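Results of the structural survey
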Amino acid sequence: HKAYQTSLGLTYDVFFFKSKTVRTLAAKYAKLKQDRLLGASLITILLLTLSNIFMTFAWYGHLKYRSSPLFLVIVISWGIAFFEYCFQVPANRIGSYHFSTVQLKTIQEIITLVVFCFFSYFYLDEPIKSNQVIGFMFIVLAAYFIFKS
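A brief structural summary. (Residues numbered from 1 in each chain as written. Predicted model: local features only at pLDDT ≥ 70, side-chain atom pairs only at ≥ 80, totals over all residues. Heavy atoms only, no water.)

1. Some details on the overall build of the protein chain
Heads up, the condition is: Each helix corresponds to a stretch of at least 4 residues labelled H or I by DSSP, and each strand to a stretch of at least 2 residues labelled E; elements are numbered beginning at the N terminus. Burial here depends on accessible area, computed with a 1.4 Å probe over protein chains only, as a share of the maximum for the residue type. Under 20% is buried, over 50% is exposed, and the range in between is partly exposed. Only heavy atoms matter for contacts: two residues are in contact if any of them lie within 4.5 Å across the pair. In short, Shrake-Rupley with a 1.4 Å probe defines the accessible areas, and a residue's cover is counted only from the protein chains shown.
When you go through the protein chain residue by residue, the secondary structure sums to four helices and two strands. Each helix and strand of the protein chain, placed in order from N terminus to C terminus, yields the pattern β-β-α-α-α-α. Relative to its 149 residues, the protein chain shows a buried fraction of 28%. Long-range pairs, those at least 24 residues apart, make up 63% of the contacts in the protein chain with a sequence separation of at least 6. For the protein chain, the exposed surface amounts to about 10700 Å²; the carbon and sulfur share of it is 70%.

Below, the structure written as structure tokens:
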């Protein structure tokens, strides 16, 4: 019995196979699993990013129009949030096959910070301050420890 490990940490076992063909097939199977994991991870991240763009506009977009009636802003924000859910729910469903719930939440929070920085700077015309960048870097460092095996 011999176990092989891929670059993403996936393992595949070869039991008493001395044939190079069988080892090659096992390696191809492991590569296919690795490619599926990478594809699902990218889809999850893309969907979470789209979700966060909608979420950020739903939660903070109205701040540019503070004179608008609050009830109208709530209804519009709720409508925008519907589209956020249309991306968030599938992202979590797809991602749950490859990430733990804590990892999914961590990915979502990092994406939220990145999206919010762009939104704040380009949409609300608010500068990003150095102390905020340092704070965000600590959050990214926390994410490193959450994903560390």
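Let us keep going from here.
2. Some details on a nonpolar patch on the surface
The cut-off we apply is this: Surface patches are drawn from residues lacking salt bridges whose relative accessible area is over 30%; two like charges belong together within 9 Å, two nonpolar side chains (Val, Leu, Ile, Met, Phe, Trp, Tyr) within 5 Å. What counts as a salt bridge is simple: a side-chain nitrogen of Lys or Arg found within 4 Å of a carboxyl oxygen of Asp or Glu.
A surface patch of nonpolar side chains, amounting to about 700 Å² of accessible area, comprises Val-114, Phe-118, Tyr-121, Phe-122, Ile-128, Val-133 and Met-137. When residues of the nonpolar patch are traced back to their parent elements, those giving at least two are helix H3 (101-123) and helix H4 (130-147). For the nonpolar patch, the leading source of residues is H3, giving four residues. Its place among the elements puts Tyr-121 in helix H3.

3. Digging into the packing of aromatic side chains
Ring pairs (aromatic) are described by centroid distance and by the angle formed between their planes. Rules: For this analysis, a ring pair means two rings from Phe, Tyr or Trp (six-membered ring only for Trp) whose centres lie within 6.5 Å, classed as stacked if their planes differ by under 30 degrees, edge-to-face if by over 60, and tilted for the remaining angles. In this analysis the charged atom, NZ for Lys or CZ for Arg, is taken to sit over a ring once it is within 6 Å of the ring centre and within 35 degrees of the ring normal.
Inspection of every chain in the model, using the stated rule, returns 13 aromatic pairs. Ring plane angle 15° and centroid distance 5.7 Å describe the contact between Phe-54 and Phe-87, whose orientation is recorded as stacked. In this pair, Phe-54 sits in helix H1 (residues 20-60) while Phe-87 sits in helix H2 (residues 70-95), placing the two residues 33 residues apart along the sequence. Classification of Phe-54 by relative accessible area gives partly exposed; the value is 28%. Measuring from ring centre to ring centre gives 5.1 Å for Phe-57 and Tyr-123, while their planes differ by 70°; the resulting arrangement is edge-to-face. Of this pair, Phe-57 sits in helix H1 while Tyr-123 sits in helix H3; the two residues are 66 residues apart in sequence, bridging distant segments of the chain. Overall, the relative accessible area of 34% leaves Phe-57 in the partly exposed class. In textbook terms, an aromatic cluster arises when at least three aromatic residues are bridged by ring pairs, as seen for Phe-57, Trp-59, Tyr-60, Phe-116, Phe-119 and Tyr-123. Here the guanidinium or amino end of Lys-64 rests over the ring plane of Tyr-123, the centre of that ring lying 4.4 Å away.

4. Considerations on the environment of Val-115
Among the structural elements, Val-115 can be located in helix H3. Spatially, the C-alpha atom of Val-115 lies 9.8 Å from that of Met-55, the residues being 60 residues apart in sequence.

5. Examining the side chain of Gln-108
As a reminder, the rule being used: Here a polar contact means two N or O atoms within 3.5 Å. Within protein one must be a hydrogen donor candidate and the other an acceptor candidate, and residues neighboring in sequence count only if both atoms are side-chain atoms.
Considering the arrangement of structural elements, one finds Gln-108 in helix H3. Side chain to side chain, Gln-108 and Lys-105 meet in a polar contact 3.0 Å long. Leave out the neighbours within four places in its chain, and Gln-108 touches Leu-48, Asn-52, Met-55 and Gln-88.

6. Some words on the environment of Trp-78
The residue Trp-78 is located in helix H2 in this model. Separated by 23 residues in sequence, Trp-78 and Met-55 have C-alpha atoms that sit 9.7 Å apart.

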